[in-house]
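Close look at the chain arrangement
If you want the building blocks of each chain, they are given just below.
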Protein chains: 2
Amino acid sequence: MTTRDAQQQPVPDSGGSSTNSGYPTPAWRKEYRAGSRPDLRVPYREVRLTDGRTVPLYDTSGPYTDPGHTADVRRGLPPLRDGWTDRRGDTEEYQGRIPVFPGRPRRPRRGRDGAAVTQLGYARRGVVTDEMEFAALREGMDPALVRDEIAAGRAVLPANVNHPESEPMLIGGRFLVKINANIGNSAVTSSIEEEVEKMTWATRWGADTVMDLSTGRDIHTTREWILRNSPVPIGTVPLYQALEKVDGRAEELSWEVYRDTVVEQCEQGVDYMTVHAGVLLRYVPLTARRKTGIVSRGGSIMAAWCLAHHQENFLHTHFEELCEILRAYDVTYSLGDGLRPGCIADANDEAQFAELRTLGELGRIARAHDVQVMIEGPGHVPMHRIKENMDLQKEICDDAPFYTLGPLTTDVAPGYDHITSGIGAAMIAWWGTAMLCYVTPKEHLGLPDRDDVKTGVITYKIAAHAADLAKGHPGAQAWDDALSDARFEFRWEDQFNLALDPETARSFHDETLPAEPAKTAHFCSMCGPKFCSMKISHGIREEYGAELDIDQGMRAKSEEFAAAGNRVYLPVVGSD
Amino acid sequence: MTTRDAQQQPVPDSGGSSTNSGYPTPAWRKEYRAGSRPDLRVPYREVRLTDGRTVPLYDTSGPYTDPGHTADVRRGLPPLRDGWTDRRGDTEEYQGRIPVFPGRPRRPRRGRDGAAVTQLGYARRGVVTDEMEFAALREGMDPALVRDEIAAGRAVLPANVNHPESEPMLIGGRFLVKINANIGNSAVTSSIEEEVEKMTWATRWGADTVMDLSTGRDIHTTREWILRNSPVPIGTVPLYQALEKVDGRAEELSWEVYRDTVVEQCEQGVDYMTVHAGVLLRYVPLTARRKTGIVSRGGSIMAAWCLAHHQENFLHTHFEELCEILRAYDVTYSLGDGLRPGCIADANDEAQFAELRTLGELGRIARAHDVQVMIEGPGHVPMHRIKENMDLQKEICDDAPFYTLGPLTTDVAPGYDHITSGIGAAMIAWWGTAMLCYVTPKEHLGLPDRDDVKTGVITYKIAAHAADLAKGHPGAQAWDDALSDARFEFRWEDQFNLALDPETARSFHDETLPAEPAKTAHFCSMCGPKFCSMKISHGIREEYGAELDIDQGMRAKSEEFAAAGNRVYLPVVGSD
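Residues numbered from 1 in each chain as written. Chains lettered and ligands numbered in written order. Predicted model: local features only at pLDDT ≥ 70, side-chain atom pairs only at ≥ 80, totals over all residues. Heavy atoms only, no water.

Named according to an unreviewed UniProt entry, chain A is Phosphomethylpyrimidine synthase originating from Streptacidiphilus cavernicola. A UniProt comment under Catalytic activity (unreviewed entry) is attached to chain A, and it reads "5-amino-1-(5-phospho-beta-D-ribosyl)imidazole + S-adenosyl-L-methionine = 4-amino-2-methyl-5-(phosphooxymethyl)pyrimidine + CO + 5'-deoxyadenosine + formate + L-methionine + 3 H(+)". Annotation of chain A in UniProt includes, under Sequence similarities (unreviewed entry), the sentence "Belongs to the ThiC family." (UniProt positions renumbered as here; feature names shortened; annotations may be inferred.)

Here it is in structure tokens:
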């Protein structure tokens, strides 16, 4: 069936994703930091301020935003990492199962003679790979620290040898909090062109990885186009394609069908895979009295299979064979929380934590095979029960990177679940979650369109950055400081250009004060000139600056006041 | 100047706010709970489910959503509370300063012979007022508890005797978290009609109070129209109108000008007033090295005045006279944090906390005069420094209700500050903040329009409800449970109608699956029939329900497994 898939390839027109080329403002410019070799150039976004200074920001948009680049989805992106893999000389090319991409014919690679070609394997052998150096430079971190975090299993660097187009990045508690954007067509709607464009659109706004959750027609071909054009790691849930192969009848799934699907996706270059190996037969009864049962697609499919066959989950019984496959391509596990809670009432229950313990065990097994591992987390959790999730995961899963969906902090706001979940996401990331899976306004209601994807990504960039600030990540606050300086100095253009979304910031300002002079006006459009607190603050500094900063009397008075514990004397008449 | 104001009254056409009459869905219906007397009827929203059951929800929309009601902004709302005030017999009517409202001529009231006609005064004398009973029924709380919380200063019930149109509500840590919506025109834009309509629009979506921050033309008249048509308490910052009286020259402000302005607003019926009495001369130097100086309008105005005159803040030196005025009308203090931080870098600094200590002292003085008190809080604060704000406020301000603006958890997202602040708002409310002042997407950029007001209100209702859940407020989770039941049972219409915003939820679903049958479809539009986890969960329960719930073997197995600490045996090959 996948072969039929492969033959009937609809070819997206190149206009598809080139519409996402370039930045939303000319003040943003793609620059590169040089690594230890000419072919190791690390991209970043330079924000040019009106006073000539620049602010460098982490960038995920890939070559699409390079000044010279002209996008052609039919040719795909340049294979940045092929040379690095060649140089290591531990992989072999072979005849793959499904030749699919016309633009750049290639044969898949895999580790030669079962060599562990995983970043975890190299790190454990003390090697700082090109990927590690690239990712370290990108984060402003020491490459040796990156190697050590990966070696300890506290961070992952998802980089399938068959996805050379991806720019190496890190997922781990010591590094910047990352976000994932889900895309994917379904039986109900959407097309290949749309999905490729959603991917480039999501990365343009800051998605660090993209998961292709396609479940409909042309599932294999859609993913091929996404991979060949993606500058970020791509994740999938292979179970979805396996289920398509058995025409949606869960009970007809088998290890063999699943294994073949995984191998096909490894050959394509999928960087990480969600595997629901923790949904054990004996856990299913624990969900019987839940309010919303099993809400994970993969979890419900495997639960149905277990009950139909009265056998243990084949992903669990064949887990070590699966490790051997992923290890040959350096595909990272994202151990799926198939029993995550689907509502506030089901949060932190026995089913959820029983599965989490199993995921911890599986993580140890995977790492024993040199396979990188992330652990997936909830879901729907009220604020006061979020930290327990993070603390338990750290304890049970040996500090493996936690990758959570939200969590949503209330069930009552369908249509606004990017916000109900953004609250929980910021909190759990502050407490240690390494990557946040975004939620769009369409969650629970429909498939996200282009605007929903952007809203979801921006909301999660906010949650991730708020967490970086709270974790005291070195350098995180420099961005806030630059924007606040621009705000206080009425450099409106700089304020717009330093914003996560310059287009929206500028358009909102224009709605109230469209006139061009307003862009240099020394007052805020909310208050008008007389009532602008910042304008008044400036007046105070101009008129009384000397006094405020120098006048010993006043300074002394306020120091003495501070020394006195800032206590104020007041004549109190009566008392309560 | 205000007299001129008063004469040239533009009269809004009655269409103005009647456009906000009625609920967004016919499944919502206004009902009333009977109190101890016929004229004590407590409104609530009844959500009617498709299976005939109903879910009662707290409602702030006022008579506009009563089945029979036809709105006429020129006549105003019925004076619900006049009879209650009459019955107490401790107020007197007198000739007010500015006759303004044509629709229902009235003379202002005040406490007779300096009687303390405040809810705090009554509570301390052991009286459960009609307002307390009303608010208690509204929250499903014991009226005696309400009285005791008010008597202790841990809760306020803002209810100026000259705003009889308002429906009594509570602000306090023991009660449901409340939200405030700011409206108000400025020198730059907007009109009276727009402001009245923004008020009814905000309360329709859930605003518990509204602050009129008008600073432009017709400031007095605008407020009069808002008050006469508002079912919720109205707050103001009298300093803004005082500044208009001296043509925006801060140094020309005086206690006399300010006092007259306050009296005029007391006579109009303003329920609570922000007073920046904590901005002391000696604190101003503490802001000199800040990144964004003083960002509160009132704070910057008073700082400028203090420096210009080299005198102490007249709001501070005349604070007790001010208490005597507010006490005569039962106007609640909202002690303003004029030195709140305006960016992440300035959070929790010496200036902010020095002022907070003064606000604590002033609160004790106000309560000594039987005047109700709230304390205002920040601002911009990174997540890891939010709790310190709440803990210090509780300690310094004797558990007086905290009323915070956000806080915003990062500075980098202008255009999305409802989200950057919704994160901080949910957290600080969980930790004890009683009322959250909303932030709209236009914050820092422009004046909110109708859509921005709705987005701000819905975002803050999410933060407030998430906090109610986290605080374990009795009954809060029933709402989430009802919606999640509807979701699991594919009762789409009920899911829409139980949402904070049924219009948006329904329209998002229609975008993907417009067809009417989809409203009863047993699958989610995201996944299509084959991949709907909930559909599969149902299948599991139908086919294996007996087994899952009854089969002793399986149940026993899973219990024994749980007893064994949920540990899973797995053959571990190698180990890390």
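From this point, things continue past the structure.
A word on the sheet that holds strand 14 (residues 402-405) of chain A
Strand-to-strand pairing in sheets goes through backbone hydrogen bonds, with the strands running parallel or antiparallel. Residue and element names in this part refer to chain A. If you walk around this closed barrel you meet the eight strands as 8-9-10-11-12-13-14-15, and the pairing is parallel. On average, adjacent strands in this sheet sit at an angle of 25° to one another, irrespective of strand direction. Note: strand 10 (residues 234-236) against strand 11 (residues 272-275), two bridges, orientation parallel. In the sheet register, Thr236 faces strand 11, and the bridge partner there is Met273. Along the sheet, helix 10 (residues 255-268) makes contact with strand 10 and strand 11, crossing strand 11 at roughly 160°. Packing of helix 13 (residues 319-329) onto the sheet brings it into contact with strand 11 and strand 12 (332-335), and relative to strand 12 it is tilted by some 140°. (Pairing = 2+ DSSP bridges. Helix = DSSP H or I, 4+ residues; strand = E, 2+ residues; numbered from the N terminus. Axes fitted to C-alpha atoms, helices over the stretch in contact; angles between N-to-C directions. Contact = heavy atoms within 4.5 Å.)

A look at the UniProt feature "domain: ThiC-associated" (unreviewed entry) in chain A
Here the UniProt-annotated "domain: ThiC-associated" (unreviewed entry) positions come out as residues 25-92 of chain A. Taken as a whole, residues 25-92 of chain A contains 10% helix and 31% strand, while its terminal C-alpha atoms sit 43 Å from one another.

Details of helix 16 (residues 417-430) of chain A
Residues and elements named next belong to chain A. Between its terminal C-alpha atoms helix 16 stretches 20 Å, which fits the 20 Å expected from 14 residues at 1.5 Å a residue. In terms of burial, helix 16 is largely enclosed, as 14 of its 14 residues are buried. Positive phi appears at Gly432, one or two residues downstream of helix 16, with a value of about 140°. (Expected span 1.5 Å × (residues − 1). Buried < 20%, exposed > 50% of the residue type's maximum accessible area, 1.4 Å probe, protein only.)

Observations regarding the relation of the copies chain A and chain B
Mapping between the two chain copies consists of a rotation about an axis together with a translation along that axis. For the pair chain A and chain B, the superposition axis carries a translation of 0.0 Å, the fit reaches an RMSD of 0.0 Å, and the rotation angle comes to 180°. On this basis, the relationship between the two copies can be described by a two-fold rotation axis. For chain A, the residue whose C-alpha comes nearest the rotation axis is Ile423 of chain A, separated from it by 2.3 Å. (Least-squares fit on C-alpha atoms with pLDDT ≥ 70 in both.)

Describing the pairing of strand 8 (residues 178-183) of chain A
Every other side chain in a regular strand lies on the same face of the sheet, so the side chains alternate between the two faces. Residues and elements named next belong to chain A. With six of its six residues buried, strand 8 lies for the most part within the structure. The alternating pattern of strand 8 places Lys178, Asn180 and Asn182 on one face and Ile179, Ala181 and Ile183 on the opposite face, and all of these are buried. Where strand 8 meets strand 15 (residues 435-437), three bridges bridge the pair, whose relative direction is parallel. Along strand 15, the bridge assignment pairs Asn180 with Cys437. Alignment of strand 8 against strand 9 (residues 209-212), held across four bridges, turns out to be parallel. Along strand 9, the bridge assignment pairs Ile183 with Asp212.

Observations regarding the interface of chain A and chain B
Across the contact, 143 residues belong to chain A and 143 residues belong to chain B. The contact between chain A and chain B buries some 12,300 Å² in all, and 65% of this surface belongs to carbon and sulfur atoms. On the surface where chain A and chain B come into contact, there are four salt bridges. Between Lys291 of chain B and Asp485 of chain A there is a salt bridge; the shortest N-O distance is 3.0 Å. (Buried area = accessible area lost by both parts, 1.4 Å probe. Salt bridge = Lys/Arg side-chain N within 4 Å of Asp/Glu carboxyl O.)

Topic: the packing of helix 13 of chain A against helix 14 (residues 350-368) of chain A
All names here are of chain A. Axis separation between helix 13 and helix 14 bottoms out at 9 Å; the angle between their running directions is 45°. As summarised for this structure, helix 13 and helix 14 are arranged oblique, according to the angle between their axes. Here helix 13 runs over helix 14; the crossing is right-handed. Mapping the contact onto sequence places Phe319, Glu320 and Cys323 in helix 13 and Leu362, Ile365 and Ala366 in helix 14. (Parallel < 35°, antiparallel > 145°, perpendicular 65-115°, else oblique. Left-handed = near helix turned anticlockwise from the far one by under 90°.)

Some points on unusual backbone geometry
In this structure, Gly379 of chain A follows Pro378 of chain A across a cis peptide bond, with omega equal to 10°. Here Gly379 of chain A shows up in the loop between strand 13 (373-377) and helix 15 (386-396). Although it is not a glycine, Asp330 of chain B sits at a positive phi angle of roughly 55°. Tracing the backbone through its elements, the reader meets Asp330 of chain B in the loop between helix 13 (319-329) and strand 12 (332-335). Among the residues examined, Asp330 of chain B registers a relative accessible area of 0% and is labelled buried. Within the chain, His444 of chain B stands out as a residue other than glycine whose phi angle is a positive 75°. Within the secondary structure, His444 of chain B sits in the loop between strand 15 (435-437) and helix 17 (450-470).

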